[in-house]
Amino acid sequence: MVARTALDAIGGFDEIFSPAWFEDVDLCRRIRNQGGRIQYQPGARFIHHGGYSLRRMRRQDFLVLFHTNQIRYFNKHHGPRTASRVKRWVILGLLL
């Protein structure tokens with residue numbers, strides 16, 4: 001859950017992470033960068049009526065999108081050098 005004021009203050013989700021993966025991590029990072037707090041509530045329960053994209057996606061397509069957005073996140077928040085290192089680790093991990 002995100003307060004509307006916090007969501008509006010940072011301009012909502014960044015669509016560069018479409019269709020999914022890392023948009024939530026980016027959102028939390030931007031909220032914290034604006035002085036907001038991220039809280040973990042272990043007792044909260046939510047029902048996710050989604051996952052449509054993942055059910056229709058081939059595994060290879062998922063891996064490409066997931067890791068592309070992972071690298072985008074690191075580039076956006078940690079710079080191109082760190083993103084390049086993450087990319088090398090991802091490639092090594094996929095080869096293994």
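The structure we're discussing is the one just above.
Cut-offs applied
- Residues numbered from 1 in each chain as written.
- Predicted model: local features only at pLDDT ≥ 70, side-chain atom pairs only at ≥ 80, totals over all residues.
- Heavy atoms only, no water.
- Helix = DSSP H or I, 4+ residues; strand = E, 2+ residues; numbered from the N terminus.
- Buried < 20%, exposed > 50% of the residue type's maximum accessible area, 1.4 Å probe, protein only.
- Areas by Shrake-Rupley, 256 points an atom, 1.4 Å probe, with all protein chains shown as cover.
- Expected span 1.5 Å × (residues − 1).
- Core = buried A, V, L, I, M, F, W, Y, C linked by side-chain atoms within 4.5 Å.
- Contact = heavy atoms within 4.5 Å.
- 1 Å grid on protein atoms, 1.4 Å probe; cavity = no way out; pocket = protein on both sides within 12 Å on 5 of 7 lines; lining within 4 Å.
- Points joined across faces, edges and corners; volume = space filled by probe spheres on them.
- Nonpolar A, V, L, I, M, F, W, Y, C, P; charged D, E, K, R; others polar.
- Axes fitted to C-alpha atoms, helices over the stretch in contact; angles between N-to-C directions.
- Parallel < 35°, antiparallel > 145°, perpendicular 65-115°, else oblique.
- Left-handed = near helix turned anticlockwise from the far one by under 90°.
- Patch = residues over 30% accessible without salt bridge, like charges linked within 9 Å, V, L, I, M, F, W, Y side chains within 5 Å.
- Salt bridge = Lys/Arg side-chain N within 4 Å of Asp/Glu carboxyl O.

Novice: Summarise the overall build of the protein; cite the residues concerned and give the values.
Specialist: Looking only at helices and strands, the protein has five helices and zero strands in total. Start at the N end of the protein and walk to the C end: the helices and strands fall as α-α-α-α-α. Across the 96 residues in the protein, those meeting the buried criterion constitute 22%. For the protein, the computed accessible surface area is about 7800 Å², with 55% contributed by carbon and sulfur atoms.

Novice: Can you lay out helix α4 (residues 59-78) for me, pointing to particular residues and giving the numbers?
Specialist: The end-to-end C-alpha distance of α4 is 28 Å, a good match for the 28 Å that 20 residues give at a rise of 1.5 Å each. Looking one or two places after α4, you find G79, whose phi comes out positive at around 95°.

Novice: Give me the lowdown on the nonpolar core, citing residues and values where you can.
Specialist: Side chains of a nonpolar character, in soluble globular proteins, are inclined to be buried together. By size, the foremost hydrophobic cluster in this structure holds six residues: F17, A20, W21, F22, F62 and Y73. Residues within four places of F22 in sequence aside, it is in contact with F17, F66, N69, Q70 and Y73.

Novice: Mind laying out the layout of surface pockets, listing which residues take part and the relevant values?
Specialist: Estimates place the volume of the largest pocket at around 470 Å³. In terms of lining residues, the largest pocket is bounded by 17 residues, among which M1, V2, C28, I38 and Q39 are the most central. The greatest single-element share of the lining of the largest pocket, amounting to five residues, is contributed by helix α2 (residues 23-33). Within the lining of the largest pocket, the residues separate by chemical class into twelve nonpolar, two polar and three charged.

Novice: With reference to specific residues and values, describe the packing of α2 against α4.
Specialist: Two elements in contact, α2 and α4, have axes whose closest approach is 11 Å; the angle formed by their N-to-C orientations is 15°. When the interaxial angle is binned, α2 and α4 end up roughly parallel. Of the two elements, α2 crosses α4, and the hand of that crossing is right-handed. Taken together, the residues of α4 that come into contact with α2 (itself represented by V25, D26, R29, R30 and N33) are Y73, K76, H77 and H78. Here the residues of the contact of α2 with α4 are counted per class, giving two nonpolar, three polar and four charged.

Novice: Which residues make up a nonpolar patch on the surface, and what values go with them?
Specialist: There is a patch of nonpolar side chains on the surface, built from W89, L92 and L96 and spanning about 430 Å² of accessible area. Mapped onto the fold, L96 is located in the segment after α5 (80-95). L96 sits in the exposed class, given a relative accessible area of 84%.

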